[in-house]
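# Observations on chain architecture
Spelled out from the first residue to the last, the chains are:
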Amino acid sequence: MKLIYLMMLWMSTVLNSGAAHNSKMATFTLRDTGAGWLVEMNFAQAGVDAAMIEHYGKSKILGIEKKAYQDLVINYVKSNFHLTVDGREIALRNGGILIGSHQTDLKFILPEIPLQPSEAKVYIPMFGTTYNHTNLFRVYRGGKNITKFFLNEDNDFEANLIFTSRGVFQQDQKPQEGQLLMLGSGGLFFGLVLVIVFFSRKKLKA
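Think of each chain on its own: its residues are numbered from 1, step by step along the sequence as written. Local features are withheld for residues below a pLDDT of 70 in this predicted model, meaning they are given only at 70 or higher, and side-chain atom pairs are given and counted only at 80 or more; totals for whole chains, interfaces and linings count all residues. Heavy atoms from the whole structure form the basis of all side-chain values; hydrogens and water molecules are not counted.

## Concerning the sheet that holds strand 10 (residues 158-164)
Two strands form a pair only when DSSP identifies at least two bridges running between them. Each helix corresponds to a stretch of at least 4 residues labelled H or I by DSSP, and each strand to a stretch of at least 2 residues labelled E; elements are numbered beginning at the N terminus. The antiparallel open sheet is built from five strands, whose spatial order is 4-3-7-10-11. The sheet terminates laterally at strand 4 (88-90) and strand 11 (167-170), the two strands that pair on one side only. Sheet twist, expressed as the average angle between the axes of neighbouring strands with direction ignored, equals 25°. Note on geometry: axes are C-alpha line fits, over the in-contact stretch for helices, and angles between N-to-C directions span 0 to 180 degrees.

The following block contains the structure:
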């Protein structure tokens, strides 16, 4: 039943492509629908075409039929998108692709991801041979906040993530309870100093 629901959700949104992307950046959104998970991918068409020519060769790409080209893009994506959740490698199976004049969109249903995951490792070397390229990996779990992680040459296009009640964090950036307490105490102290200075100046003027 969940799979049917997710397929309906995907079909209702697959035709909605956003504005054209910068060819130096690709966007990947891991989306919690409440009934399961999806991954949405958005690429600038110019970046996709360049990557396909580089990966498969110009002779194989030029003049290729649309369906065959779509299959090559999907194969390229599957071989360059690696997501492990709670120790289990997540495969890209059920999904689809929409190639436009300026942007390519892909969506895949990920039923293997538990509704409440604990940790994940993401490795996306896609388009990595393009100079100064960045893959933006986002996690959306409802509400207004979307957690963003930038994958590029500096971090080898990978990140280790932890899912907590406060949000999703990189392992080396997860706020510790002690750090949060210190930040809160520091803010309180700074506020008290401002109040004392304010009333001291007001008293001197009187």
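## Regarding the packing of aromatic side chains
Aromatic pairing here means that ring centres of Phe, Tyr or Trp (its six-membered ring) are within 6.5 Å. Orientation follows from the plane angle: under 30 degrees is stacked, over 60 is edge-to-face, and everything else is tilted. Counted under the stated rule, the structure contains five aromatic pairs. Here the aromatic rings of Trp37 and Phe163 are separated by 6.2 Å at their centres, their planes lie at 85°, and the arrangement is edge-to-face. With Trp37 in strand 2 (residues 37-44) and Phe163 in strand 10, the pair connects residues that are 126 residues apart, well separated along the chain. Centre to centre, the rings of Phe43 and Phe127 are 5.1 Å apart; their planes meet at 70°, and the pair counts as edge-to-face. On the criterion of sequence distance, the pair formed by Phe43 in strand 2 and Phe127 in the loop between strand 7 (119-123) and strand 8 (134-140) is long-range, its members being 84 residues apart. Taken individually, Phe43 and Phe127 each receive the classification buried, so the pair is uniform in this respect. By way of ring pairs, the aromatic residues Phe28, Phe43, Tyr76, Phe81 and Phe127 are connected into one cluster. We call a residue buried when its accessible area falls under 20% of the maximum for its residue type, exposed when it is over 50%, and partly exposed in between, using a 1.4 Å probe and counting protein chains only.

## A look at the sheet that holds strand 6 (residues 103-109)
Reading across the sheet, the six strands line up as 5-6-2-1-8-9 and stay open at both edges, with mixed pairing between neighbours. What marks the edges here is a single partner per strand, and that holds for strand 5 (95-99) and strand 9 (146-151). For this sheet, the mean inter-axis angle between neighbouring strands, taken without regard to orientation, is 15°. As paired strands, strand 8 and strand 9 are joined by six bridges and run antiparallel to one another. What sits directly across from Arg138, in strand 9, is Lys148. Relative to the sheet, helix 2 (residues 45-56) contacts strand 2, strand 5 and strand 6, its axis offset from that of strand 2 by approximately 85°. Contacts: residue pairs with any heavy atoms within 4.5 Å of one another.

## Let's talk about the pattern of salt bridges
We define a salt bridge as a side-chain nitrogen of Lys or Arg found within 4 Å of a carboxyl oxygen belonging to Asp or Glu. Summed over the entire model, instances satisfying the criterion amount to six salt bridges. Its salt-bridge partner being Arg31, residue Glu40 comes within 3.0 Å of it at the nearest N-O pair. Residue Arg31 is classed as partly exposed on the basis of its relative accessible area, which comes to 24%. Close ionic contact of Lys107 with Glu40 constitutes a salt bridge, the shortest N to O distance being 3.1 Å. Linking Lys107 in strand 6 with Glu40 in strand 2, this pair joins segments that are 67 residues apart in sequence.

## Considering helix 4 (residues 66-80)
What a helix is expected to span follows from its residue count: subtract one and scale by 1.5 Å. Between its first and last C-alpha atoms helix 4 spans 21 Å; for 15 residues at 1.5 Å apiece the expected length is 21 Å, and the two agree. Every buried residue of helix 4 is listed here: Tyr69, Gln70, Leu72, Val73, Ile74, Tyr76, Val77 and Asn80.

## Notes on the pairing of strand 3 (residues 82-85)
Side-chain alternation along strand 3 places Leu83 and Val85 on a buried face and His82 and Thr84 on a face that remains uncovered. Two elements, strand 3 and strand 4, share three bridges in a ladder whose sense is antiparallel. If you follow Leu83 over to strand 4, its bridge partner there is Ile90.

## Concerning helix 2
End to end, helix 2 covers 16 Å across twelve residues, agreeing with the expected 16 Å (1.5 Å per residue, within 8%). Restricting attention to buried positions, one finds in helix 2 the residues Gln45, Gly47, Val48, Ala51 and Met52. Relative to the axis of helix 2, the buried residues are bounded by an arc of 155° and lie together on one face. Facing away from the buried surface of helix 2 by more than 90 degrees, the exposed residues are Ala46 and Glu54. In the core, the buried residues of helix 2 are packed alongside strand 2, helix 3 (58-61), helix 4, strand 5 and strand 6. Just past helix 2, the residue Gly57 takes up positive phi, approximately 100°. The directions considered for the arc run from the helix axis to the C-beta atoms.

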